[in-house]
Amino acid sequence: MLFRKRRLPHPIFQTAIGPSVLLGTGVCILFYALIFAGPLNFALLRRYCLCHPVAIATAGLFFVAIVALGAKWIGCFKQQKRSLASSLALEDISLAYADASQLESGEQKSEFFDTLWRSQPTAVCDSWLGQRV
């Protein structure tokens, strides 16, 4: 097919931009308030963070990105906790891998691991790592 619709990423990979922008803007305002109020009043910070409007906008975007990445990081740890609690034990996975190594063809191994993956709980399959697999 010449024109295929691009498959959208699973919503679990997306982050809400609104809260990230609001919180990141607040952190940026706090950063500049600390520069003007005195605790971070260093010549180097004034020179590089206040020298041009582009530098101020760049710092704002930096703080928004840090907040968004922090939210994803927290979400990742929450998913890891949930999915590890309901996944197979490591011994079961190593036994399954030993069973798969005895299979002869790659297609049989593929079917074996596909069946093993489908037997996992939905919390594991719907996690970020599960979507990647």
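Starting afresh in each chain, residues are numbered from 1 along the sequence in its written order. Local features in a predicted model are, by the rule used here, given only for residues with pLDDT of at least 70; side-chain atom pairs are given and counted only at 80 or more, and totals for whole chains, interfaces and linings are based on all residues. For the side-chain quantities, the full set of heavy atoms in the structure was used; hydrogens and water were omitted.

1. Considering the packing of aromatic side chains
Argument step 1. The pairing test for Phe, Tyr and Trp rings, Trp by its six-membered ring, is centres within 6.5 Å, and the orientation test on the planes gives stacked under 30 degrees, edge-to-face over 60, and tilted for anything in between. Scanning the entire structure with this criterion turns up four aromatic pairs.
Argument step 2. Taken together, a centroid distance of 5.3 Å and an interplanar angle of 70° make the contact between Phe31 and Tyr32 edge-to-face.
Argument step 3. Assessed through its relative accessible area of 8%, Tyr32 is described here as buried.
Argument step 4. Judged by centre distance (5.3 Å) and plane angle (70°), the rings of Phe62 and Phe63 are edge-to-face.
Argument step 5. A 1.4 Å probe rolled over the protein chains alone gives each residue an accessible area, and that area as a share of the maximum for its type sets the label: buried under 20%, exposed over 50%, partly exposed in between. The class for Phe62 is partly exposed, based on a relative accessible area of 48%.

2. Here's the deal with helix H1 (residues 17–37)
Argument step 1. Note on conventions: DSSP H or I runs of at least 4 residues are helices, E runs of at least 2 residues are strands, and numbering of each starts at the N terminus. To estimate the expected span of a helix, count its residues, drop one, and scale the result by 1.5 Å. Given a rise of 1.5 Å per residue, 21 residues ought to cover 30 Å, and the 30 Å separating the end C-alpha atoms of H1 matches this to within 8%.
Argument step 2. When H1 is considered as a whole, its buried residues turn out to be Ser20, Gly24, Cys28, Phe31, Tyr32 and Ile35. Along the axis of H1, the buried positions cluster into a sector of 90°, meaning they face one direction only. Looking at H1, the residues exposed on the side facing more than 90 degrees away from the buried face are Pro19, Leu22, Leu23, Ile29, Leu30, Phe36 and Ala37. It is the directions from the helix axis to the C-beta atoms that the arc portrays.

3. Considering the environment of Asp126
Argument step 1. Position of Asp126 relative to the elements: it lies in the loop between helix H6 (122–125) and helix H7 (128–132).
Argument step 2. The sequence separation of Asp126 and Gln79 amounts to 47 residues, and the corresponding C-alpha distance is 9.2 Å.

4. Some points on the nonpolar core
Among soluble globular proteins, nonpolar side chains are generally buried collectively.
Argument step 1. Here, nonpolar core refers to any group of buried Ala, Val, Leu, Ile, Met, Phe, Trp, Tyr and Cys residues whose side-chain atoms link them within 4.5 Å. Listed in full, the seven residues of the largest apolar core are Cys28, Phe31, Tyr32, Ile35, Cys49, Ala59 and Phe63.
Argument step 2. When contributions to this core are tallied by element, the ones reaching two or more residues are H1 and helix H3 (53–86).
Argument step 3. Examining the composition of this core, we find that four residues originate from one element, H1, more than from any other.
Argument step 4. We call two residues in contact when some of their heavy atoms are within 4.5 Å. Among residues more than four places away in sequence, those in contact with Ile35 are Leu40, Asn41, Leu45, Arg46, Cys49 and Leu50.

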